[in-house]
Amino acid sequence: MAEQAAHNPPTAFDFGPFRYDPVRRELRDGRGAVRVGSRALQLLAVLLQRPGELHSRDELVARVWPQTVVEETSLRVHMSALRRALGDGQDGARYITNVPGRGYTFVGDVRASQPEAAADPPPRTEPVGRLPPRLTQLIGRAADIARIRELLSSERLVSIVGAGGIGKTTVALDVAEQHTLLYGQEPFFVDLSTLADPAQVTTEVSHACGLDVARGDALSALESALHDQQVLIVLDNCEHVIDAVAALVSQLLRGCTRLSILATSREPLEVEAEWVFRLPPLGMPAPTEALDVDALLRYPAIQLFVTRARAASNAFKLTAANAAAVRQLCESLGGLPLAIELAAARMNSLGAAGLLQRLESALELLTRGRRLAMSRHQTLHAVLNWSYELLTEAEQCVLQRLSVFRSSFELDSALAVAASDDLPGPRVIESVLGLCGKSLLVPEAGSDGAPRYRLLYVTRLFAERMLASRPECLAVQRRHAVWVLHSTLAMKTVRQPLARQHRGQALASTVTELRAALAWTLLEENDLLLGIETVVESMHHWNVVGLVEEYRSYVVAAVDKAPRVDLEGKQLSVRLQVVQAYLAGQSLADSESYRRADAIDRSLVDHFESPADKIDALFGLCGSTFVRGDFRNTLSCAEEIRALAQGELQPLSIALGERFSVMALHELGRHDEAEPLAHRVMQFNADGLEPRFQTPIPYRVSMGLRLARIHWLRGEFRQAWALVQDILPRDDDAHVYTLCHPLAFTAVPIAIWKGDVPAAARWNQELLRHAVRGNVPYWRSFGEVYACLLDGRPLLPGSHEAHLVAQNIALMDVCSALQLVAPDPVTLQRVRQGDVGWCAPEVLRLAALAGFDPQDETSRLRCLAGLREALAVSETQHARFWSLRIAVSLWEVAGPGSADRAASRDLLHSLLDAIDDGSTQPDLQQARRLLGRDAATMQP
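Note that this is a predicted model, so its numbers are computed, not measured. (Residues numbered from 1 in each chain as written. Predicted model: local features only at pLDDT ≥ 70, side-chain atom pairs only at ≥ 80, totals over all residues. Heavy atoms only, no water.)

Where charged atoms of side chains with opposite charge meet at close range, the side chains can pair. Here the structure, examined in full by the defined rule, presents 47 salt bridges. For Asp 616, the salt bridge goes to Arg 692, with nearest N and O atoms at 3.4 Å. With Asp 616 in helix α29 (residues 611–627) and Arg 692 in the loop between α32 (671–682) and α33 (699–713), this pair connects stretches of sequence that are 76 residues apart. On the accessibility criterion, Asp 616 (18% relative accessible area) is buried. For Arg 692, a relative accessible area of 21% corresponds to the partly exposed category. Shared partners join several salt bridges into a network, and the residues in it are Arg 401, Asp 422, Arg 470 and Glu 472. (Salt bridge = Lys/Arg side-chain N within 4 Å of Asp/Glu carboxyl O. Helix = DSSP H or I, 4+ residues; strand = E, 2+ residues; numbered from the N terminus. Buried < 20%, exposed > 50% of the residue type's maximum accessible area, 1.4 Å probe, protein only.)

As structure tokens, then:
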């Protein structure tokens, strides 16, 4: 057989599932043409002419690269590409063996056959650069392909540029296929990925175009052949031979006026007339967008994952149970098609949740690519390593150092972390721009229009691993942690409305970096002092974005570890106490932060010298005393703030002093004092305040919700209801406190008092949704207890809801005014001690009715005395709503025909004349029934 093959060159060769046709210069298997480079195909032709015999390196080079000096690595690269195309070594198949130091032998079983009849030979050989067949459906690229085709219709050179694995080749092939259908002429396709020697670029392109350039000048022959042809050449994978490709393309475009070129590369060619199309990742939903399964499937990244997962396992289906994990997985993989395909291939063994849990090991986990794919596309690590090896030493170093960033960053931030004595700023800037050009850094516009940069998740993982092996790793991480602290301090000086900060990209990025810095400094204990300082200085940032519960965990860790860095007597220790006091202001009584702040008192203020720092400490104490129900102490701290807020600090008298005064006065039942202050605070403009003195809840809302309660208690029902409607937020992206506070403190209770149970239930559902989404146990406790009351379930001792009430003084006070049962002993004691006032009339009324026996005259007299006490309190507060309830109770308790019944009737008439708005409010209806009034005759 070997002899016959050697003496009959035109013979076709069959081996395994393959047939090589020397006339057509084509390798095929049962599925059609096999994609293989022209040099690899020539090597196969030489080996098949004498199967079983050893072919030396020199012989192979002389036959395939005549009159050309070629490095041995070029031969190895192309031979490896050939073996991959043949599946050599897979499933027991063996075709080519290497005899080290000597050469190569074709060892497969070769059968000779007659080739297909060939037409008269053309003036040049059949082109080998045919488009490889596409085996899978292209997903989510219709718009990109349309734009590239539009560019090719008017421009002669279009480069598709993007990160490795983003799908450049796939998109280019689709564009080329559509070009074939449109013009009836198949483009020439040149795969440069296996080319190791840049000097061979021109020869490789010539072979793909069907030119025999064994002798002579390849460039001249190529220019001559393409001079007057209207043809498209697709140059795939240009990045590793970019300079040679750029030179060739520039020459061809000048000499061949009808030629068009479509290139794919990880960086632009940077030649004249080039139009760069940066291929984006596959589309994904915004992180905050709430979507069901059907809506998710409209996004290309999700579509690709589901399609490939189904190919790996028939049983896979996107469901409500796994949708969140699949979505997060695609987001974490940055919409990178190759990464998504590799992940989907693992679904059968790990599932979406298992993949997500192991995402930090993505470089090791996502390795099972297609067997016949290029080796650099079979694993994520291979894709990234290919790009990494093409970087300069400085670019490699900068990429490693930038891996400490967890979000997007500005150029100044990159300089702060990546610059060093051995890598000065200008070289860092040059490297950052170079990494952008090579698609390893993603440039994007910040919310303020300033350019920012980020690494895709998988790129960061790769660079992070490279950095971890270098001695400078700890120094780079510390520079990052110091930069985070300095950035935090800088942002504390920005005086802009907190609502705008809440939506700022820079602030969101800072929080992401804070997590990384605190993990390294505090949790991993690489620099405890730096970590504790960062915790103290970053309180405002966590508060602004509504991540107070996460911040609590860092504060607890800082307090626990503070003794190990000797903070005794240092200002940082005192400021850590201020942070604890502030956090206690939104805590349940059984929380760690609440207990730790219990011992912090007014003496904390004396540790500070400046009035501003004293006010800051008092601010924290106002919050902690308020949540404990110590409203008189809150009022005392607020009054001290008003006394300290002089000169340039005077605005704090309103922003903090008067605001907390309103809150405390209302809770104490001193509504007439609270109301004018509330109106004054509502008009205050907080734009010029330091961030540490700002609040996440707009003054219009925080004061409006208390004014609504005051109006309701006075019997000004319509005004109260209108104010409730006005203060409820319409923006679901508002701060979690802005969403929860008016619902919990005002909207739901007033709706219950109004008798509008559907509105109360609807608003309580909103409250629970916001509290759960924002992970705020304090506000969630209100929603869970309200849900119990709205369902008609009592707060049974020992129940979950009863436990929540016991841990939340404010909730306990509200519940005492919502339940028509004997008040909680704790609340009753607080009322009698004067610790709480706004609900005092109702608590005293319910206490008086508790145990009332209508058959026992002594019980009746005791009850009437208690009701008169409640009435006196309500009248002092001008709380006619409570007075109405008390008057009804007096009517019901007093005997028929008694003086007490007559007095209660007169009181009811007086109250109805003053507050009856003709509505169906339950207390008004009951009073009308007692007096025989018809609601239809009431004046609105």
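We are not done yet, so read on.
Taken together, five strands build an open sheet; the order of strands is β10-β11-β12-β9-β13 and the sheet is parallel. Looking at which strands have only one partner, the edges of the open sheet turn out to be β10 (188–191) and β13 (274–278). Within the sheet, the average angular offset between the axes of one strand and its neighbour, ignoring direction, is 15°. Here strand β11 (residues 231–236) runs beside strand β12 (residues 259–265); their pairing, made up of five bridges, is parallel. Within β12, the residue paired with Ile 233 across the bridge is Ile 261. (Pairing = 2+ DSSP bridges. Axes fitted to C-alpha atoms, helices over the stretch in contact; angles between N-to-C directions.)

All right, on to the nonpolar core then. Counting residues in each nonpolar core, the largest one holds 236 residues, and the members touching the most others are Leu 262, Phe 305, Leu 402, Trp 763, Trp 779 and Phe 782. Top contributing element to this core by residue count: helix α35 (residues 736–754), with 11 residues. If sequence neighbours within four positions are ignored, Leu 402 has contacts with Phe 409, Ala 414, Ala 418, Val 432, Leu 441 and Leu 455. Grouped together as the second largest cluster of nonpolar side chains are 31 residues, Cys 209, Ala 225, Val 245 and Leu 253 included. (Core = buried A, V, L, I, M, F, W, Y, C linked by side-chain atoms within 4.5 Å. Contact = heavy atoms within 4.5 Å.)

Looking now at the side chain of Glu 801. Of note, Glu 801 is situated in helix α38 (residues 800–806). Excluding anything up to four places from it in sequence, Glu 801 contacts Glu 784, Val 785, Cys 788, Arg 793 and Leu 795.

Going residue by residue along strand β1 (residues 12–15), you find Ala 12 and Asp 14 tucked away on one face and Phe 13 and Phe 15 tucked away on the opposite face as well. Where β1 and strand β2 (residues 18–21) come together, three bridges link them in antiparallel fashion. When the sheet's bridge partners are listed, Phe 13 is paired in β2 with Tyr 20. Linking two consecutive strands that pair antiparallel, namely β1 and β2, is a turn of two residues; a positive phi of about 50° is found at Gly 16 within it.

Leftover empty space is mapped by rolling, across the atoms, a probe with the size of a water molecule. Summed over the entire model, instances satisfying the criterion amount to four cavities of 30 Å³ or more. Each pocket or cavity is described by its volume, and for the second largest cavity that value is around 70 Å³. Counting residues per element, the ones that place at least two in the lining of the second largest cavity are α16 (380–389) and α20 (457–468). The element contributing the most residues to the lining of the second largest cavity is α16, with four residues. (1 Å grid on protein atoms, 1.4 Å probe; cavity = no way out; pocket = protein on both sides within 12 Å on 5 of 7 lines; lining within 4 Å. Points joined across faces, edges and corners; volume = space filled by probe spheres on them.)

Moving on, we come to unusual backbone geometry. Phi is positive for Ala 273, close to 80°, though the residue is something other than glycine. Considering the arrangement of structural elements, one finds Ala 273 in the loop between β12 and β13. For Asn 775, which is not glycine, the phi dihedral falls at a positive 55°. Within the element layout of this structure, Asn 775 appears in the loop between α36 (757–773) and α37 (777–790). Judged by relative accessible area, which is 45%, Asn 775 ranks as partly exposed.

The next thing to look at is helix α39 (residues 809–818). Judged by how many residues are buried, α39 sits mostly within the fold: 10 of 10 residues are covered. Capping the start of α39 is the job of one residue whose side-chain oxygen sits 3.3 Å from the backbone nitrogen of Ala 810: Asn 808. (Polar contact = N/O pair within 3.5 Å; in protein donor to acceptor, adjacent residues only side chain to side chain.)

Here the focus is the environment of Ala 751. Structurally, Ala 751 can be placed in helix α35. Residue classification places Ala 751 among the buried residues on the basis of a relative accessible area of 0%. The spacing of Ala 751 and Ala 761 is 10 residues in sequence and 8.9 Å in space, taken between C-alpha atoms. Sequence-distant contacts of Ala 751, that is, excluding residues within four places in its chain, are made with Trp 721, Asp 756, Ala 759, Ala 760 and Trp 763.

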